[in-house]
Amino acid sequence: MNFLAHLYLSGANPKIKLGNFIGDFVKGRSFHETYEREIALGIELHREIDLFTDRHEIVHQSKVRLRPTYRHYSAVIVDVFYDHFLASQWNKFSQMPLHEFAEDAYQMINENLFVAPAQVQHMVPYMISGNWLVNYSHLNGIQRALSGMARRTPYPSKMEYAIKDLQEHYEDFKAEFNLFFPHLAAYCKSWLAARGK
């Protein structure tokens, strides 16, 4: 659940940001009938980001390191790890301070929460009160995120222990993120530009 990356990669349009933010909670292909055009565009972008990420060879290296222990949950864990590296190196990617970006994001989400799926409406108050987007920059924030996700999985995932893997291989994951993320950011910028955004 790399919420910070999805919000960051959406550009400046708040409706596209909203769609990208809720993308994990929107199923099927009929969302164009449910959501206005720019929110639907954000959902499309979310899926493009996930597809690009899942297929990328650098991300594959990160997932392989985790797969023996976490199996198919390794991709989710890598998403969370990468949000940590985006948050902890935020000044490399944005001139707006992270706390301001987070405040703007929370305000935008709250103002549009009525159109979000029920799961998002339930989650957002916890997200805001726990200031997830900023706290991703700290290891204890990542630990809380992984533990919360582990509680919601239908089968034992062991995700609550993945912080140890992050600490043990911190520089490897960081190097992989720093190689991969500029490629993803450029892809998203191009994708949005092709759609006039």
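Residues numbered from 1 in each chain as written. Predicted model: local features only at pLDDT ≥ 70, side-chain atom pairs only at ≥ 80, totals over all residues. Heavy atoms only, no water.

**A closer look at the overall build of the protein**
Filter applied, for reference: Put simply, DSSP H or I for four residues or longer makes a helix, DSSP E for two residues or longer makes a strand, and each gets a number counted from the N terminus. Our radius of gyration is a C-alpha quantity, and the globule rule it is checked against amounts to 2.2 Å times the number of residues to the power 0.38.
Summing up its helical and strand segments, the protein has twelve helices and zero strands in all. In sequence order, the secondary structure elements of the protein are arranged as α-α-α-α-α-α-α-α-α-α-α-α. Compactness check: the protein gives a C-alpha radius of gyration of 16 Å against a globular reference of 16 Å for 197 residues, within 12% of the reference. Projecting the C-alpha coordinates of the protein onto the three principal axes gives extents of approximately 45 × 35 × 35 Å.

**Examining the packing of aromatic side chains**
Centre-to-centre distance and the angle between the planes together describe a pair of aromatic rings. As a reminder, the rule being used: Paired rings are identified among Phe, Tyr and Trp, the last through its six-membered ring, by centres lying within 6.5 Å, and are further divided according to the angle between planes into stacked (under 30 degrees), edge-to-face (over 60) and tilted (the rest). Under the scheme applied here, a residue whose accessible area is under 20% of the maximum for its type counts as buried, over 50% as exposed, and between as partly exposed, the area being computed with a 1.4 Å probe on protein chains only.
Throughout the structure, instances matching the rule amount to 16 aromatic pairs. Aromatic pair Y8 and W90: ring centres 5.4 Å apart, planes at 70°, arrangement edge-to-face. With Y8 in helix α1 (residues 3–8) and W90 in the loop between α6 (74–88) and α7 (98–111), the pair connects residues that are 82 residues apart, well separated along the chain. Taken together, a centroid distance of 6.0 Å and an interplanar angle of 80° make the contact between F93 and F177 edge-to-face. Taken together, the residues span a long stretch of sequence, with F93 in the loop between α6 and α7 and F177 in helix α12 (residues 170–193) at a distance of 84 residues. Comparing F93 with F177, the two get one shared label, buried.

**Thoughts on unusual backbone geometry**
The phi torsion at R71 lies on the positive side, around 50°, for a residue other than glycine. Following the sequence through the fold, R71 ends up in the loop between α5 (57–70) and α6. The phi dihedral of K158 falls on the positive side, at around 65°, and the residue is not glycine. Within the fold, K158 resides in the loop between α10 (139–152) and α11 (162–168).

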